[in-house]
Amino acid sequence: QVQLAESGGGTVQTGGSLRLSCAASGRISAIDTMGWYRQAPGKQRELVARWTSDGTTNYADAVKGRFTFSRDMAKKTLYLQMNSLQPEDTAVYYCHINIRPTVERGYDYWGQGTQVTVSS
């Protein structure tokens, strides 16, 4: 019902910047949370940045001050601006939206992921 498609990944040098985009299609009303996660080889998927319906945005300690989450609801697009990239940021990045039309149930939607590689 809701589909997400990430783009903007690639290879950059240490200290460089990259902006990821996530285009959503379908009805995305009643959003509870939305944001970005990442998964590096051999590691679990981890939170990068997450907006919640109370209007706050949380960031992982490892990216705080370097990454910025934003969104354009008119375009149904999420963004992740990544600055001062480090090799440790190398991972597949996924966008995510949780829709909660009722108190009892919520629905999670994930993009296919986009590779970000930071070279030394």
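How each quantity is defined
- Residues numbered from 1 in each chain as written.
- Predicted model: local features only at pLDDT ≥ 70, side-chain atom pairs only at ≥ 80, totals over all residues.
- Heavy atoms only, no water.
- Pairing = 2+ DSSP bridges.
- Helix = DSSP H or I, 4+ residues; strand = E, 2+ residues; numbered from the N terminus.
- Axes fitted to C-alpha atoms, helices over the stretch in contact; angles between N-to-C directions.
- Polar contact = N/O pair within 3.5 Å; in protein donor to acceptor, adjacent residues only side chain to side chain.
- Contact = heavy atoms within 4.5 Å.

Enquirer: Hey, could you go over the sheet that holds strand β1 (residues 3-7) for me, with residue numbers and the actual values?
Expert: Here 4 strands make up an open sheet; going across it, the order is β1-β3-β8-β7 and the pairing antiparallel. Of all the strands in the sheet, just β1 and β7 (67-72) have a single pairing partner and so form its edges. Here the average twist between neighbouring strands, direction ignored, is 15°. As judged from the 6 bridges shared by strand β3 (residues 18-25) and strand β8 (residues 77-82), these two strands associate in the antiparallel manner. Residue pairing in the sheet places S21 in a bridge with Y79 of β8.

Enquirer: Summarise the side chain of D89; cite the residues concerned and give the values.
Expert: Structurally, the position occupied by D89 is in the loop between β8 and β9 (91-99). Of note is the side chain of D89, whose polar atom sits 3.0 Å from the side chain of R38. Setting aside residues no more than four positions away along its own chain, D89 makes contact with R38, V63, R66, F67, S84, V116 and V118.

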